[in-house]
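What follows is the residue order along each chain.
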Amino acid sequence: MTNPLPRPRPPDHASHGTHAALGVALTPSRRRVLDLLAAAGRPLGAYELIDRVAEATGKRPAPISVYRALDFLVEGGLAHRLATRNAYVACGHGHAREAAVAFLICERCGEVVEADSAALKASLDALAANARFSPRTLVMEVAGVCEACAKAT
């Protein structure tokens, strides 16, 4: 597996709300959700995002608008959904949509490290081909204990 990638950083506002990989403009709502995810540096649930949008704007958004923004960001590869946590994280790097991504999740402190691996992709591609299966995404969530928490015990 490659070295863990740096923490997500807030999107570049010089792009005037566009994301080159998507070729579309982010709406203010989508941009706000992405900015909040990136600034958090940890997974956030949808309702926690709703609270943060309300704090930032003074208006509480409807849950459906936040879920739609999250769906768009996930489909566009700008964010990931962690199924085991029912939470979302900003994508820490601009990997290709077909990349195999592993999330290493500490069960004690909640830290999440995003990493990709060509070897993991090759293994998952072979597994899917043998099963005559066409995967839409190659995302793994691995639960365990980070180095800091392991040292603390």
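What counts as what
Residues numbered from 1 in each chain as written. Predicted model: local features only at pLDDT ≥ 70, side-chain atom pairs only at ≥ 80, totals over all residues. Heavy atoms only, no water. pLDDT = per-residue confidence, 0-100. Helix = DSSP H or I, 4+ residues; strand = E, 2+ residues; numbered from the N terminus. Contact = heavy atoms within 4.5 Å. Salt bridge = Lys/Arg side-chain N within 4 Å of Asp/Glu carboxyl O. Phe/Tyr/Trp six-rings, centres within 6.5 Å; stacked < 30°, edge-to-face > 60°. Lys NZ or Arg CZ within 6 Å of the ring centre and 35° of its normal. Buried < 20%, exposed > 50% of the residue type's maximum accessible area, 1.4 Å probe, protein only. Core = buried A, V, L, I, M, F, W, Y, C linked by side-chain atoms within 4.5 Å. Pairing = 2+ DSSP bridges. Axes fitted to C-alpha atoms, helices over the stretch in contact; angles between N-to-C directions.

Caption draft 1: Quick peek at the confidence of the model for the protein. When pLDDT is averaged along the protein, the result is 85, and 84% of the positions lie at 70 or above. Between the elements of the protein, mean pLDDT differs from a low of 49, seen in strand β1 (residues 18-19), to a high of 97, seen in helix α2 (residues 46-57). Across residues 1-18, confidence stays below pLDDT 50; counting only partners more than four residues off in sequence or on other chains, it has 38 contacts.

Caption draft 2: Structural view of the pattern of salt bridges. A complete count under the given rule lists six salt bridges for this structure. A salt bridge links E48 to R42; its shortest N-O distance comes to 2.4 Å. A single salt-bridge network, built from bridges that share partners, covers R42, E48 and R52.

Caption draft 3: The packing of aromatic side chains, seen in detail. Throughout the structure, instances matching the rule amount to one aromatic pair. Seen from their ring centres, Y47 and Y67 are 6.4 Å apart, and the 70° between their planes marks the pair as edge-to-face. Of the two residues, Y47 sits in helix α2 while Y67 sits in helix α3 (residues 63-75), which places them 20 residues apart along the sequence. Between R30 and the ring centre of F72, over which it is positioned, the NZ or CZ distance is 3.6 Å.

Caption draft 4: Local environment of the side chain of S117. With respect to the secondary-structure elements, S117 resides in the loop between β6 (112-116) and α4 (118-130). For S117, a relative accessible area of 11% puts it in the buried group.

Caption draft 5: Molecular detail of the nonpolar core. Of all hydrophobic cores here, the largest spans 19 residues; its most connected members are V33, L34, L37, L49, L70 and L73. Counting residues per element, the ones that place at least two in this core are α1 (28-40), α2, α3 and β4 (87-90). If near-sequence neighbours (up to four positions away) are discounted, L70 is found in contact with V33, L37, A46, L49 and Y88.

Caption draft 6: Representation of the sheet that holds strand β7 (residues 138-144) in the model. Pairing is mixed in the open sheet, where three strands are placed in the order β6-β5-β7. The two strands at the open ends of the sheet, each matched to only one other strand, are β6 and β7. On average, each strand axis in the sheet is tilted by 20° relative to the strand beside it, whichever way the strands run. In terms of strand pairing, strand β5 (residues 100-106) meets β6 through five bridges, oriented antiparallel. From the neighbouring strand, A102 faces β6, where its bridge partner is A115. Together, β5, β6 and β7 form the strand contacts of α4, whose direction differs from that of β7 by roughly 115°.

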